[in-house]
Each structure stands twice: as C-alpha cells, then as structure tokens.
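Read off the chains here:
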Amino acid sequence: MTSRIIGTGSYVPEHIVTNDDLAKIVETSDEWILERTGIRERRIGIEEGTSFMAAKAAQRALENAGAEAEELDLILLATSSPDHCFPNGACEVQAAIGAVNATAFDISAACSGFEFALSTVQAFVQSGVYKTALVIGVDCLSKLTDWTDRGTCVLFGDGAGAAIVRAEETGIIHTVMGSDGVRGAVLSCAARNNGNFLNGKQPELDYIYMNGQEVFKFAVKKVPECIRQLLDESDTDIGDVKYFVLHQANSRICESVAKRLKQPMEKVPMNIDRYGNTSGATVPILLDELNRNGQLNRGDKLILAGFGGGLTWGAVLLEW
Ligand code: ACO
C-alpha cells in the first residue's frame, strides 16, 4: 500500500506587487530582479494570512479530489510562518473546512516543508495508521520580510498549495529527506523572544536573514544529489520522469539543476515569474497548475524536490 495524490488546490493573495512597485521602496530595478531571479511579480497578502490561504487551497483540493472534509483522518500543514504559535495552522484549517475526524499538526522545514509532509504522510499510510490525508505547503513570508533589505525583499511572495492523498496501490514510489543543522545560520529568521522575569530581556522582532550565495551553492549541489539518490534507491531511469517539480527559489537554480541532471528545461516547469519564492508553497502551487492545465496523466512519473532553511532538503518520486 502506498499513498496517491488524488486532488490538488492552491491559493495566492489577490494583490500583485511588481518589480517596479518594489523599485519604489528599495534601490533595485525590474531588470536586476528578472535577470538574477526570474521573478516579474509576486502576490502579497494584505489581509490574507497563513491559515486563511491554507484553508482556501485545502477546499480547492477537496473539490478537485471529489472528497469530503469528513473523510480526512490526517492534516499536515508545512509552514515556517504560522499565524500563531498555537493553535497550530493545521488545527485552524481543520476548523475552517470542517474536517472533524482528522488529527492535525504542523511541520516546519521551510522550503522543503511540502516534501517533508508528504514523506510523513507516506510513512503513516504505509504503516496503516491513516488512510486519507490533506497535505498543505503554505507561507506568508511577507510578514517576516525586512522591506528595507533589497537583498531579500525582492525574492519572496505569499501563497498556499494543497494535495489530498489517499491509500492506494500506486502513487508515491520513494522519498528522500535530509538536514544539515550545522549550516543553519545561512538562512534564518529568529522567533519573537519576549524574555522572562529572570533574564530581563526586552521583546525582539526579527526578519529573514539570508546569505544568498551560500544558499545558491547549497541548492545547486544538493538538489541534483538528492534526486540522483531517489532515482538510484528506487531503480528508476531518469528518462522515465516526465516533470521535475522543483522549489521555485530562483530560475537560475532550476536551470542549473536541469543542466547537472542533463535534462531539458521542458521537463522543469516554472512559475516563479508570477509568484516569486512562496517557500513551502512553491511545489504544491506548481503541481496544482500542472494538474489543472491537464499536463498530468495517470501513470506519469514526477519528482517533487525542495530545499531551504534548516538547512533541509527533500524529494519525492511518485506516479500520478
Ligand atoms: N537590486 C539591485 N541590486 C541588488 C539587489 C537588488 N534587489 N540585491 C542585491 N543587490 C546587489 C548587491 O548589493 C551586490 O552589490 P555589490 O556588488 O555592489 O556588493 C550585487 O547586487 C550582487 O549581489 P549578490 O548577492 O552577489 O547577487 P547574486 O547574483 O548572488 O544574486 C540572489 C542574489 C538572487 C539572492 C541569489 O544569491 C540567490 O538566488 N540565492 C539563492 C536564494 C534562495 O534560494 N533562497 C531560498 C531559500 S528561502 C527559504 O528557505 C525560506
């Protein structure tokens, strides 16, 4: 028994912020952003927060799967920008969609979160604990972004993607996950620290910090490496993979991964131009687009792969 994706959904905020809009608040240009990252515009939530976007994506995934919320026995929500410390985002989605029979919790693995969540669902399904799961990748990084730092504020966008996963005979073939906490400082965002009565610390707020070049080097090495591991361990020919659905952090990273794997860019779809880096949401949003555009047929082999803060990386080989 394995787990198969039977429906997908996504949601991005209505408000579009173009590169020219950002050039009004920091010293940058449409030309610089497009050439270095592939991003033309991104969506930023004005009122739409993490759980709101996640619930919208979840409802669309349920509709796409033709499933009812009551059928769900597990909700895993991957995010590094929850609205609250508790209740967790998965419980908020549970309440919003009426998934009264589900156990719900969050997973934190930054941009690899969706792959980590899918791998976790797979372990639960294979061991017979759960049968029908909702998996969500969602981030609202706009609230953690320093809007005066041109090195990071041009990169991110807000959004959510979701998948309904069910125990079936075919579906996920193999998963790979990895972490390197020693290098965690290259990409970080401290949580709010209110201090306590003993240490006398004052409340602090922090923003995303990123050493872009270090993250770039890590990504172009680690993503091909973990995809090769996935293929080797599952005895799969790379030529049999229809699409590599990669984390959308930078179009140059996607191009470099394709080159290292000796795969044509037609097999590496991208939508970073429209949404920027939505962190844990990029892979499920892209998957939903491929699904709704009719580009996926039953039996197609796909690889989903993400990398991000932690550092973390993860890849999933599945049959559609
Ligand atoms: N506009 C104009 N100039 C800029 C901007 C900007 N928005 N940002 C930086 N610059 C300048 C720098 O100040 C620097 O100027 P200097 O040469 O005078 O010092 C110059 O451009 C070059 O800067 P670099 O950092 O070397 O630019 P680089 O080509 O490396 O591109 C980028 C930067 C786009 C961030 C790239 O390193 C990258 O994409 N890295 C990977 C990021 C990533 O994948 N993040 C995902 C993880 S997110 C997560 O997990 C939550």
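The structure this text deals with has already been given above.
Below, the structure is looked at part by part. Source: prediction; values computed, not measured. (Residues numbered from 1 in each chain as written. Predicted model: local features only at pLDDT ≥ 70, side-chain atom pairs only at ≥ 80, totals over all residues. Heavy atoms only, no water.)

## Concerning the overall build of the protein chain
The number of helices and strands found in the protein chain is 10 helices and 13 strands. Whereas a compact globule of 320 residues would reach a radius of gyration of roughly 20 Å, the protein chain reaches 19 Å, a difference of no more than 12%. Dimensions of the protein chain, computed from the C-alpha atoms along their principal axes, are close to 50 × 50 × 40 Å. Contacts spanning at least 24 positions in sequence make up 77% of the contacts within the protein chain whose residues lie at least 6 apart. Element-wise, carbon and sulfur atoms account for 49% of the exposed surface of the protein chain, whose accessible area totals about 14000 Å². Of the side chains in the protein chain, 29 bear a positive and 42 a negative charge, and the two mean positions are spaced by 4 Å. (Helix = DSSP H or I, 4+ residues; strand = E, 2+ residues; numbered from the N terminus. Rg over C-alpha atoms; globule rule 2.2 N^0.38 Å. Contact = heavy atoms within 4.5 Å. Areas by Shrake-Rupley, 256 points an atom, 1.4 Å probe, with all protein chains shown as cover. Lys, Arg positive; Asp, Glu negative; His and termini not counted. Charge placed at Lys NZ, Arg CZ, Asp CG, Glu CD.)

## Considerations on the site of the ligand
What surrounds the ligand is a group of 26 residues, the closest being Thr28, Arg36, Cys111, Gln213 and Asn250. One nitrogen or oxygen atom from the main chain of Arg150 is found 2.9 Å from a nitrogen atom belonging to the ligand. Contact distances for the ligand include 2.6 Å between an oxygen atom and a side-chain N or O atom of Asn250. About the coverage of the ligand: the protein hides 73% of its 1000 Å² of free accessible area. Among the cavities detected, the one that contains the ligand is the largest pocket. Among the elements of the structure, helix H2 (30-37), helix H6 (150-153), helix H7 (212-233), helix H8 (251-260) and strand E12 (301-308) are those that each provide at least two residues to the shell around the ligand. A per-element tally of the shell around the ligand places H7 first, with 4 residues. (Near = heavy atom within 4 Å. Polar contact = N/O pair within 3.5 Å; in protein donor to acceptor, adjacent residues only side chain to side chain. 1 Å grid on protein atoms, 1.4 Å probe; cavity = no way out; pocket = protein on both sides within 12 Å on 5 of 7 lines; lining within 4 Å. Sits in = over half its atoms within 2 Å of the grid points.)

## Here's the deal with the sheet that holds E12
Here 4 strands make up an open sheet; going across it, the order is E8-E13-E12-E11 and the pairing mixed. Every other strand in the sheet has two partners, leaving strand E8 (172-179) and strand E11 (241-246) as the edge strands with one partner each. Adjacent strand axes in the sheet meet at a mean angle of 10°, parallel and antiparallel pairs treated alike. Pairing geometry for E8 and strand E13 (residues 312-319), over 7 bridges, is antiparallel. Of the residues in E13, the one forming a bridge with Gly178 is Trp313. Against the sheet, H7 makes contact with E8, E11, E12 and E13, and its axis sits at roughly 145° relative to E12, the strand it touches most. (Pairing = 2+ DSSP bridges. Axes fitted to C-alpha atoms, helices over the stretch in contact; angles between N-to-C directions.)

## So, empty space enclosed by the protein
Scanning the model with the defined rule gives 1 cavity of 30 Å³ or more in all. Lining the largest cavity, in full, are Gln248, Asn271, Tyr275, Gly276, Thr278, Thr282 and Ile285. A breakdown of the residues in the lining of the largest cavity according to their chemical character gives 2 nonpolar, 5 polar and no charged. (Points joined across faces, edges and corners; volume = space filled by probe spheres on them. Nonpolar A, V, L, I, M, F, W, Y, C, P; charged D, E, K, R; others polar.)

## Quick look at helix H4 (residues 89-97)
An α-helical turn contains 3.6 residues, so any two residues separated by three or four positions project in the same direction. When H4 is considered as a whole, its buried residues turn out to be Gly89, Ala90, Val93, Gln94 and Ile97. All buried residues of H4 fall inside an arc of 145° around its axis, so they share one side. For H4, the elements touching its buried residues are helix H3 (50-65), strand E4 (74-78), strand E5 (103-107) and strand E6 (132-140). One side-chain oxygen at the N-terminal end of H4 lies 3.1 Å from the backbone nitrogen of Ala90; it belongs to Asn88. Positive backbone phi, approximately 75°, marks Gly98, located one or two places after H4. (Buried < 20%, exposed > 50% of the residue type's maximum accessible area, 1.4 Å probe, protein only. Arc of directions from axis to C-beta.)

## Digging into the pattern of salt bridges
The full count for this structure, using the stated rule, is 13 salt bridges. Ionic pairing is found between Lys143 and Asp83, a salt bridge with its closest N-O pair at 3.0 Å. With Lys143 in the loop between E6 and H6 and Asp83 in the loop between E4 and H4, this pair connects stretches of sequence that are 60 residues apart. A salt bridge links Asp300 to Lys242; its shortest N-O distance comes to 3.0 Å. (Salt bridge = Lys/Arg side-chain N within 4 Å of Asp/Glu carboxyl O.)

## What to know about the sheet that holds E4
The strand order across the open sheet formed by 5 strands is E1-E7-E6-E4-E5, and the pairing between neighbours is mixed. Of all strands in the sheet, those with a lone pairing partner are strand E1 (2-11) and E5, marking the two edges. When strand polarity is set aside, the average angle formed by the axes of neighbouring strands in this sheet is 20°. As defined by bridge partners, E6 adjoins strand E7 (residues 158-168) across 9 bridges and the pair is classed as antiparallel. From the neighbouring strand, Thr132 faces E7, where its bridge partner is Arg166. Lying over the sheet, H3 contacts E1, E4, E6 and E7, oriented at roughly 125° with respect to E1. Sheet strands touched by H4: E4, E5 and E6. Its angle to E5, the strand with the most contacts, is close to 140°.

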